[in-house]
Amino acid sequence: MRKQVIAGNWKMNKTHTEAEDFIQTVKNEVPSSEQVESVVCVPFPFLQKLVEETKGTSVEIGAQNMHFEESGAFTGEVSPVMLKELGVTYVVIGHSERREIFHETDEDVNKKVHAAFKHGLTPIICVGESLEQREADQTMDHVESQVKKAMEGLNDEQASQVIIAYEPIWAIGTGRTATSEQANEVCTHIRRVIIDFYGSDVAEAVRIQYGGSVKPANADELLSKSDIDGALVGGASLEADSFLKLVEAGKHE
Ligand code: 13P
C-alpha cells in the first residue's frame, strides 16, 4: 500500500513571520508520518529555520528548485549540497512555472533528478499538459515523454523512490480542477509508462500526486482514486487550517 504524500508548494509567498506562524500552528498538529507524509516546500530563505523548527515532528521541509551542479559560477542558484546540508529532504523539480517562465528543459529536469539522488534528496517531479495540448488530445503523449525524459538513467531503486506530480497547467491557480476521473486517468497512464521501463514492482512503489486547484473541498474525492497517492498544493497550502485539512484527507487510504 502506497502512503499518501501531501506537499504544499508555497511558491514565492509569505514573509518570514508568516512562515513562522504557519509552522508553529501545524508542526504538532499533523498526523504521524506512519499515516501520511506531510511536506511543505518553502522559499529558500525560510529553509534553515523551518527545518530546525520541525525537527522531531512529522512535517518535512522541501525546496522548490535547485541547480544540478554541486558548486560553481552560477549566480543566484542553489546547489543540492547546500540543501542537503540544511536538512532538506524533498525538492520540487520541473514545476511548470519553472519550465515556462525560466525555460527549464526536460534535460535540465533529468540532470536535477540525478543530482537529487546523488545527494540524498527525494525529487518531486512535475509533469503536465497545457490547455492547448489537452484540447489537441496530446495529454498522454506529452506527459509520457516528460516522465521518460525526467527518469532517464535512474536505476530501479532510485526510480521506485521518485514522486511524480501530475499537474495539468490549465488547472494550476485557476480554480479549475481536473475531475478525479481525468486526473486518475493520467496518473494510471504514468504508472503504465513506469511499468514498461522498470516493471510492476517499481511502478507500484512510485507515488503519483495530483496538483492543480486542490483544496479541502475536493481533496477526498481526488485522493480516493486508485492511482493518486497524494497532492501537490499551491494556494490551499498557504493557510495552516487548510493545509491540515488536506493532510487529514490524505490519511483515508
Ligand atoms: P494551486 O494549488 O494553487 O492550483 O497550485 C498548484 C501547483 O502548482 C502546486 O505546485
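One can find the structure itself at the top, above this paragraph.
Here the structure is a predicted model, which means the values were calculated and not measured.

(A) Region of the structure containing the environment of Val 30. Among the structural elements, Val 30 can be located in the loop between helix H1 (16–26) and strand S2 (37–41). With a relative accessible area of 9%, Val 30 lands in the buried category. C-alpha of Val 30 to C-alpha of Glu 60: the two residues are 30 residues apart in sequence and 11 Å apart in space.

(B) Here's a closer look at the sheet that holds S2. A barrel is described by the order of its strands in space; here eight strands give the closed sequence S1-S2-S3-S4-S5-S6-S7-S8, paired in parallel fashion. Across the sheet, the axes of successive neighbouring strands diverge by a mean angle of 25°, strand direction being ignored. As paired strands, strand S5 (residues 122–127) and strand S6 (residues 163–166) are joined by four bridges and run parallel to one another. Along S6, the bridge assignment pairs Ile 125 with Ile 164.

(C) Representation of the packing of helix H7 (residues 139–151) against helix H9 (residues 180–198) within the structure. Axis separation between H7 and H9 bottoms out at 10 Å; the angle between their running directions is 45°. Taken as axis vectors, H7 and H9 run oblique relative to one another. Every pair of crossing elements has a handedness; the one defined by H7 and H9 is right-handed. In this structure, H7 uses Thr 139, Met 140, Val 143, Glu 144, Val 147, Lys 148 and Met 151 to contact H9, whose residues at the interface are Glu 185, Val 186, His 189, Ile 190, Val 193, Ile 194, Phe 197 and Tyr 198. Residue composition of the contact of H7 with H9, grouped by class: ten nonpolar, two polar and three charged.

(D) Structural view of a negative patch on the surface. A grouping of Glu 18, Asp 21, Glu 239 and Asp 241 is seen on the molecular surface, where their side chains present a negatively charged patch. Considering the arrangement of structural elements, one finds Glu 18 in helix H1. A relative accessible area of 40% means that Glu 18 is categorised as partly exposed.

(E) Here's a closer look at unusual backbone geometry. If you check the backbone angles, Lys 11 has positive phi at about 55° while not being a glycine. Take Lys 11: it is sitting in the loop between strand S1 (5–9) and H1. Under the relative-accessibility criterion, Lys 11 is labelled partly exposed at 21%. In the Ramachandran plot, His 103 falls in the positive-phi region, its phi being about 55° despite a non-glycine side chain. Looking at the secondary structure, you find His 103 in the loop between helix H4 (96–101) and helix H5 (106–118). A relative accessible area of 60% places His 103 in the exposed class.

(F) Region of the structure containing the side chain of Glu 129. Tracing the chain through its elements places Glu 129 in the loop between S5 and helix H6 (131–135). In this structure Glu 129 comes out as buried when scored by relative accessible area, which is 0%. Within the structure, Glu 129 has its side chain in polar contact with the side chain of Tyr 166 (distance 2.9 Å). Within polar-contact distance, the side chain of Glu 129 engages the side chain of Trp 170 at 2.9 Å. Once residues within four sequence positions are removed from consideration, Glu 129 is found in contact with Arg 134, Thr 139, His 142, Val 143, Tyr 166, Glu 167, Pro 168, Ile 169 and Trp 170.

(G) Representation of the side chain of Asn 65 within the structure. Along the chain, Asn 65 turns up in the loop between strand S3 (59–63) and helix H3 (80–86). Given a relative accessible area of 8%, Asn 65 falls into the buried group. Here the side chain of Asn 65 touches Lys 112 through a polar contact of 2.8 Å, side chain to side chain. Once residues lying within four places of it in the same chain are set aside, the contact partners of Asn 65 are Phe 44, Leu 83, Val 91, Val 92, Arg 98, Glu 104 and Lys 112.

(H) Structural context of the site of the ligand. Taken together, 13 residues are adjacent to the ligand, and Lys 11, His 95, Gly 173, Ser 213 and Gly 235 come closest. Within the backbone of Ser 213, a nitrogen or oxygen atom sits 2.8 Å from an oxygen atom of the ligand. Summarising the interface, the protein chains cover 95% of the accessible area of the ligand, which totals 310 Å² for the free molecule. Tallied by class, the residues present in the shell around the ligand amount to four nonpolar, seven polar and two charged.

What counts and how
- Residues numbered from 1 in each chain as written.
- Predicted model: local features only at pLDDT ≥ 70, side-chain atom pairs only at ≥ 80, totals over all residues.
- Heavy atoms only, no water.
- Helix = DSSP H or I, 4+ residues; strand = E, 2+ residues; numbered from the N terminus.
- Buried < 20%, exposed > 50% of the residue type's maximum accessible area, 1.4 Å probe, protein only.
- Pairing = 2+ DSSP bridges.
- Axes fitted to C-alpha atoms, helices over the stretch in contact; angles between N-to-C directions.
- Parallel < 35°, antiparallel > 145°, perpendicular 65-115°, else oblique.
- Left-handed = near helix turned anticlockwise from the far one by under 90°.
- Contact = heavy atoms within 4.5 Å.
- Nonpolar A, V, L, I, M, F, W, Y, C, P; charged D, E, K, R; others polar.
- Patch = residues over 30% accessible without salt bridge, like charges linked within 9 Å, V, L, I, M, F, W, Y side chains within 5 Å.
- Areas by Shrake-Rupley, 256 points an atom, 1.4 Å probe, with all protein chains shown as cover.
- Salt bridge = Lys/Arg side-chain N within 4 Å of Asp/Glu carboxyl O.
- Lys, Arg positive; Asp, Glu negative; His and termini not counted.
- Charge placed at Lys NZ, Arg CZ, Asp CG, Glu CD.
- Polar contact = N/O pair within 3.5 Å; in protein donor to acceptor, adjacent residues only side chain to side chain.
- Near = heavy atom within 4 Å.

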